Amino acid sequence: MSVRVGIIGVGVMGSDHARTLIANVPGAQLRSLHDADPARARMVADETGAGTVAGDPLAIVNDKQIDAVLIASPDSTHRNLTLACLAAGKPVLCEKPLAPTAQECLDVIAAETRIGRRLVQIGYMRRFDPAYVEMKAVLGSGRLGQALMFHCFHRNVSAPPWFDSRMAITNSAVHEFDIARWMLDGDFVKVQVFRPTATAPDGTGAPVFLVLETSGGQLVNIETFNNAGYGYDVRGELVCEKGSVSLRAPVNSETNHALVHGTSYPPDWRGRFAAAYRLQLQAWIRSIAAGNSTGASAWDGYAAGATAEAALLSLVEGRPVAITLDERPRFYR
Ligand code: ISE
């Protein structure tokens, strides 16, 4: 069976997904694309051989020739487009975050629960990254005892001026929220956000530093620095009772020059997480063909969103904020 996919939004991530889909995902067919910028949609369609360019996102959702939809349009559009896919009964891979507020995530959960079948997957692709998968396997082996602390670094080369501390939380740190929940198999109960005071008065471009506590009593600290300058660098160390395990980013070569030995950093997440994006898409298409589900669910999208919402409050009020999730419907257990 071939799964016919439509993509809404072909900016940085959507176009990357389109290329991965046609080159590396057996059983998938790229049927149609839409983008708010028609010229960009045309360009990506020409490059990837997508059948048609749709003038309206809902034309993709309601196209009878499309079996599944990938949403990679701006964050603020995710909720409504996901709800439209659910109304059309179509499987959807929605880029993170699921929605800007926890309440909007709950709207998606309510709609999916009513349908009674998991159709929504959230693009928290790190769950497919070989380094995180191996870290989870080491933890699961029990050799290191229980996890106590998880140190997470998230550094980007640079971000545009409008990418403020709030977005560092809602757009970047959400990856850490999701992967830490997945790794530790628990939820967060408290968060406090700090910012180095030695930064620009408006805080634009400055790092945010979060300390979170899980329901299992573990501590997670997250540094998100979107203007680190030197490279895209995501690190993680899980500290356990009898040892620790750290992530290794993929390294393909090492250079020796001018008395220095070194490896290089990718400019952004597409290089670091290329395998994760590919494995995520392959798993998504396989799950659609098999009629089951995989990856982060709408509930996981909500949990990350609720954590982000509490972190935003802590950012403004400078105090620890409790994170309380709604009761998890049986459907997502
Ligand atoms: C971006 O939107 C992503 O999803 C990347 O994975 C993340 O590292 C980056 O910080 C975000 O802005």
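Look a little higher up for the structure.
Residues numbered from 1 in each chain as written. Predicted model: local features only at pLDDT ≥ 70, side-chain atom pairs only at ≥ 80, totals over all residues. Heavy atoms only, no water.

Draft legend 1. Region of the structure containing the site of the ligand. Lys96, His154, Asn156, Phe163, Asn171, Ser172, His175, Asn226, Tyr232 and Trp269 make up every residue found near the ligand. Side-chain polar atom of asparagine 156 to an oxygen atom of the ligand: 3.1 Å apart, as the coordinates give it. The side chain of histidine 175 places a nitrogen or oxygen atom 2.8 Å from an oxygen atom of the ligand. Protein contact buries 90% of the 300 Å² of open area that the ligand shows by itself. In terms of residue count, helix H7 (residues 165–184) provides more of the shell around the ligand than any other element does, three residues in total. Taken together, the residues that form the shell around the ligand break down as three nonpolar, six polar and one charged. (Near = heavy atom within 4 Å. Polar contact = N/O pair within 3.5 Å; in protein donor to acceptor, adjacent residues only side chain to side chain. Areas by Shrake-Rupley, 256 points an atom, 1.4 Å probe, with all protein chains shown as cover. Helix = DSSP H or I, 4+ residues; strand = E, 2+ residues; numbered from the N terminus. Nonpolar A, V, L, I, M, F, W, Y, C, P; charged D, E, K, R; others polar.)

Draft legend 2. Looking closely at helix H10 (residues 298–317). The terminal C-alpha atoms of H10 lie 28 Å apart, and with 20 residues this matches the ideal 28 Å at 1.5 Å per residue to within 8%. Here H10 lies mainly inside the structure; 16 of its 20 residues are buried. Where H10 begins, the side chain of serine 297 points an oxygen toward the backbone nitrogen of tryptophan 299, at a separation of 3.2 Å. The first or second residue beyond H10 is glycine 318, which carries a positive phi of 65°. (Expected span 1.5 Å × (residues − 1). Buried < 20%, exposed > 50% of the residue type's maximum accessible area, 1.4 Å probe, protein only.)

Draft legend 3. Region of the structure containing the packing of aromatic side chains. Applying the stated criterion across every chain yields a total of eight aromatic pairs. Seen in terms of ring centroids, tyrosine 232 and tryptophan 269 are 6.1 Å apart; in terms of plane orientation they differ by 70°. Their pairing is edge-to-face. With tyrosine 232 in the loop between strand S10 (219–225) and strand S11 (233–240) and tryptophan 269 in helix H8 (residues 269–272), this pair connects stretches of sequence that are 37 residues apart. With relative accessibility at 29%, the residue tryptophan 269 sits in the partly exposed group. Each ring, one from tryptophan 299 and one from tyrosine 302, has its centre 4.9 Å from the other, and the planes form 55°; the classification is tilted. Of this pair, tryptophan 299 and tyrosine 302 both sit in helix H10, three residues apart, which is roughly one turn of that helix. When its relative accessible area of 2% is taken as the criterion, tyrosine 302 is described as buried. Its guanidinium or amino end placed over the ring of tryptophan 182, lysine 136 lies 5.0 Å from that ring's centre, counting from NZ or CZ. (Phe/Tyr/Trp six-rings, centres within 6.5 Å; stacked < 30°, edge-to-face > 60°. Lys NZ or Arg CZ within 6 Å of the ring centre and 35° of its normal.)

Draft legend 4. Looking closely at the environment of arginine 328. In this structure, arginine 328 sits in the segment after strand S15 (321–322). Taking the C-alpha atoms as reference, arginine 328 lies 26 Å from arginine 286; in sequence the two are 42 residues apart. Apart from residues no more than four positions distant in its own chain, arginine 328 is found in contact with Arg181, Asp187, Trp299 and Arg333. Engagement of the side chain of arginine 328 in a polar contact is seen with the backbone oxygen of tyrosine 332, the distance being 3.4 Å. (Contact = heavy atoms within 4.5 Å.)

Draft legend 5. Local environment of the pairing of strand S8 (residues 188–194). Where S8 lies against strand S9 (residues 208–214), six bridges are found, and the strand directions are antiparallel. By the bridge assignment for S9, valine 191 is matched with leucine 212. As defined by bridge partners, S8 adjoins S15 across two bridges and the pair is classed as antiparallel. Across the sheet, the residue bridging to lysine 190 is alanine 322, located in S15. (Pairing = 2+ DSSP bridges.)

Draft legend 6. Up close: the nonpolar core. One finds Phe177 and Leu238 to be the most contacted residues of the largest nonpolar core, which totals 79 residues. Setting aside its immediate chain neighbours within four residues, leucine 238 contacts Met135, Leu139, Ala147, Met149, Phe150, Met183, Leu184, Gly243, Ser244 and Val245. Counting 21 residues, the second largest nonpolar core, distinct from the first, contains Val3, Val5, Leu21 and Leu93. (Core = buried A, V, L, I, M, F, W, Y, C linked by side-chain atoms within 4.5 Å.)

Draft legend 7. Representation of the sheet that holds S9. Here we have seven strands laid out as an open sheet, ordered S12-S11-S7-S10-S9-S8-S15, and mixed in their pairing. Edge positions in the open sheet fall to strand S12 (243–246) and S15, since each of these has one partner strand only. Pairing of S9 with S10 involves six bridges; the strand directions are antiparallel. Bridged to leucine 212 within S10 is valine 220. Relative to strand S7 (residues 147–155), H7 is tilted by about 145°, and along the sheet it contacts S7, S8, S9, S10 and S11. (Axes fitted to C-alpha atoms, helices over the stretch in contact; angles between N-to-C directions.)

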